[in-house]
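Analysis of the macromolecular model
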Amino acid sequence: MEYVTLPFGWIMKFCYNLFLSYGPAIILFTLFTKIILFPVALWTHNNSVKLIKIQPQLNEIKAKFFGEKDAISDEQLKLYKREHYHPLAGLVPMVLQIFLLICVIQIIYNPLTHILSFDKSLIDTLVAAVCSAFGLDPESNSIQLSVVNEIKNGFTVNGVDTQSISALKTSFLGFDLSAIPLTARGKMLAVPVIAGLSALCLSLFQNKMNPLQAEQSRLSQIGTNAVSVGISLILGGFVPAGIGLYWICSNVFTMLQQLLLNVIINPKKNIDYERLEKSKEELERLNSIGKKSSPKFGDENYRREKADYKRFFSVANKHLVIYSENNGFYKYFSKLIDYLLANSNVVIHYVTSDPNDNIFNLANENERIKAYYISEKKLITLFMKMDADIVVMTMPDLDNYHYKRSYIRKDIEYIYIVHGPMSTHMVMNNGCLDNFDTIFCVGDFQIPEIRKQEQLYNRKEKNLVICGYGFLEILQEHYDSMPKDSQNDKVLIAPSWQKDNLLDSCLDGILDELLGKGLNVVVRPHPEYVKRYPQKMEAIVEKYRDYNGDDLAFELDFSSSDSLYNSAVVITDWSAAAYEFAYVTLKPCVFINTPPKIYNEEYEKIGIEPLEITLRNQVGVSYEMNDFSGMADKIKSMISNKDEYSQRIKEIREKYVANYGCSGEIGGKYIISSLIKKQKSKKENQK
């Protein structure tokens, strides 16, 4: 370092000779170094702006290949190369700052060498004389400063002219720049305090003005600030005050330099901050997925998921993969799986995000079912790396959010199973089916709904297969086998849990009309309502405690749905379960016209009235929220004329639910046929 420091020593000597004082010399020296190295600072600033400019793309890469470190790294390197960004450029200022700091330390500690330019033999003579007289260590870093201090205090060396040493002015504004503050104490302790404050000011300034530092997280900024202030306190307290002065000046000039850099290359003109914020929000959303449901590191489910993930990708040439969100979704695949197991040799790879899914018990009983537990977060990467011929699921919005189509295979056929007997364009998000290849529809009424959306929004045409509704068949089988309640006056109030549901908006009015009219009223809230609003539910039950057990009861045990199907009439708002009840039991419903559940605000553009609205007065009757007069008498009339409703509802079911009783066969035959075509295509391509 002695030789490397020499050029900077010459600059410091030049500055000292101008002022004949250490303080102004150090200030000017700091300014000179900033000017000399300004081109490097400009290049680094440009590189920083470039990084923030491409940060949205970097975030989008992280989102697209979420969890796949190798893929992210490869894509990042491609982007860096394309944009001529140098990832290591950010280290240049830090390296230069450390290098300059070491040089300044060498210069301040060795004024005989760098300021007075004494030759080595003369320095050795002076050091030997002082060490001999005062018992000092000649190898000490501060030995030259000790020589200067002793000579300034009157010590003389025979045969050596020490006048130039005595003339060295090391004081500045009342501070001895050759003294170590924590040793000298007194007012010298102000040096580390000022150094720390300058570092804090610089850090806070850079958090706002430096484009790179401004985009750091709050926690990272606090960490950077703490390190900077800590280093400054050390430099200001444990080394000569001249070094502390250099550090203070460097911090001040860096702030001025940053202002100039921002004028030359304005970050606001080069960076799309709106796109940047959107990309950060998307990445944060991905990071937050499954935080509560994901297994914790090291626990049993964590090891289980890791093993299942590895096992899933160890199987080559998977033909069929089914994804289920949790145990409650198996019912939508049940009929399809039953048919495939009975009529093909297809192995079913069943992925679930529920570690307690009953599919694992079924897999133990049937070797052609391969079950895997993959949590929501890990599922993101599984979908991206999916390798199969067909993927079947009931989860919409494929490729719209975090679950993407595979980037490994572009020929996968993604099949969406509609799991509700109603329309697709009001209670489903706009565009949520766009990226599927095939839709298993409940009935042909869904075809014009989907086709109209494809035409209106210029979306790709999907393969629409009219299968039916397997879950309804399961309900039918259960209803046919269950013992029927001899009581025929049971009225079940079964609302949805959406905003403004009838529990929150008009339950009192309904009960005022029904109670005391010879009807057996049971309130069965939606399980999600009880889960989300337990205090509300408790208040409702408490309010009607005096009625409970007479002609009113609250059913809060959801382990069985038998009570629903043993009812004579169901009262609801917009619950799809009411239509399932009507289709299975052929009994009527009463609908309360609360604000409807609308997920697609543009559904009216399709020009087709949703079935949820069309059928309200066909499978029963509907009432406005503020007028329930005559409801009790109407319900009694509906119960008395149940045969009339039964015939009407049966006709409606036949019209809108296709292939009743054989939906699994239709869907299974389609999948088998599609797999055969894919195998033939592969063989032809290999020839």
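For the structure itself, look to the data block above.
Residues numbered from 1 in each chain as written. Predicted model: local features only at pLDDT ≥ 70, side-chain atom pairs only at ≥ 80, totals over all residues. Heavy atoms only, no water.

1. Observations regarding unusual backbone geometry
The condition that has to hold: By the criteria applied, helices consist of DSSP H or I runs no shorter than four residues and strands consist of E runs no shorter than two, each listed in order from the N terminus. Partly exposed residues are those whose accessible area sits between 20% and 50% of the maximum for their type, while under 20% is buried and over 50% is exposed, using a 1.4 Å probe and protein chains only.
With phi around 70 degrees, Asp-399 is a residue other than glycine that occupies positive phi space. The backbone of Asn-458 shows a phi angle near 55 degrees, a positive value even though the residue is not glycine. Note on placement: Asn-458 falls in the loop between α21 (446-456) and β9 (463-466). On the basis of relative accessibility, which here comes to 71%, the residue Asn-458 falls in the exposed class.

2. Regarding the pairing of strand β7 (residues 413-417)
Put simply, the rule reads: Pairing between strands is defined by DSSP: at least two bridges between them are needed.
With respect to burial, β7 is a largely interior element, five of its five residues being buried. Of the two faces of β7, the one holding Glu-413, Ile-415 and Ile-417 and the one holding Tyr-414 and Tyr-416 are both buried throughout. Pairing of strand β6 (residues 388-393) with β7, which is carried by four bridges, proceeds in the parallel orientation. Bridged to Val-391 within β7 is Tyr-414.

3. What to know about the sheet that holds strand β5 (residues 369-373)
In plain terms, the rule: For helices, the fitted line uses only the C-alpha atoms of the stretch in contact; every axis is such a line through C-alpha atoms, and the angle between N-to-C directions lies from 0 to 180 degrees.
Read from one edge of the open sheet, seven strands run β5-β4-β3-β6-β7-β8-β9, paired in parallel fashion. Two strands lie at the open edges of the sheet, namely β5 and β9, each paired on one side alone. Strand-to-strand twist across the sheet, computed as the mean angle between neighbouring axes with direction ignored, equals 20 degrees. In the sheet, strand β3 (residues 318-324) pairs with strand β4 (residues 348-352) via five bridges, with the strands oriented parallel.

4. What about the environment of Met-422?
Note the following rule: Only heavy atoms enter the contact rule, under which two residues are in contact if any of them lie within 4.5 Å.
Locating Met-422 in the fold gives a position in the loop between β7 and β8 (438-441). Sequence-wise, Met-422 and Glu-580 are 158 residues apart; in three dimensions their C-alpha atoms are separated by 9.9 Å. For Met-422, the contacting residues outside a window of four places in its chain are Phe-445, Gln-446, Tyr-579, Tyr-583, Leu-611, Glu-612 and Leu-615.

5. Notes on the side chain of Gln-498
Put simply, the rule reads: By the criterion applied in these results, polar contacts are pairs of N or O atoms within 3.5 Å in which, for protein atoms, one can donate a hydrogen and the other can accept it, and in which residues neighboring in sequence qualify only through two side-chain atoms.
Locating Gln-498 in the fold gives a position in the loop between β10 (490-493) and α23 (502-505). Take Gln-498: its relative accessible area is 11%, and that puts it in the buried class. A polar atom in the side chain of Gln-498 sits 3.1 Å from the backbone oxygen of Pro-595. Sequence-distant contacts of Gln-498, that is, excluding residues within four places in its chain, are made with Trp-574, Pro-595, Pro-596 and Lys-597.

6. Some thoughts on the sheet that holds strand β15 (residues 620-623)
Ordered in space as β12-β11-β10-β13-β14-β15, the six strands form an open sheet in which the pairing is parallel. Of all strands in the sheet, those bounded by a partner on one side alone are β12 (552-554) and β15. The sheet shows a mean angle of 20 degrees between the axes of neighbouring strands, direction not considered.

7. Focus on the packing of aromatic side chains
Condition: Aromatic contacts are taken between Phe, Tyr and Trp rings whose centres are within 6.5 Å, Trp giving its six-membered ring; a plane angle under 30 degrees counts as stacked, one over 60 as edge-to-face, and the others as tilted. Distance and angle both matter: a charge sits over a ring if NZ of Lys or CZ of Arg is within 6 Å of the ring centre and within 35 degrees of the ring normal.
Counted by the stated rule, this structure contains 24 aromatic pairs. Centroid distance Tyr-416 to Phe-436: 5.2 Å. Interplanar angle 55 degrees. Geometry classified as tilted. Of this pair, Tyr-416 sits in strand β7 while Phe-436 is found in the loop between β7 and β8, placing the two residues 20 residues apart along the sequence. Consider the rings of Phe-445 and Tyr-656, whose centres lie 5.5 Å apart with planes at 85 degrees: the pair is edge-to-face. Highlighted residues: Phe-445 in the loop between β8 and α21 and Tyr-656 in helix α31 (residues 642-656), separated in sequence by 211 residues. Assessed through its relative accessible area of 10%, Phe-445 is described here as buried. By relative accessible area, which is 11% here, Tyr-656 ends up buried. These aromatic residues form a ring-pair network of at least three members: Tyr-309, Phe-312, Phe-313 and Tyr-372. For Arg-304, the ring lying beneath its charged end belongs to Phe-360, and the centroid distance is 4.4 Å. Positioned over the ring face of Phe-312 is Lys-318, at 4.3 Å from the centre of the ring.

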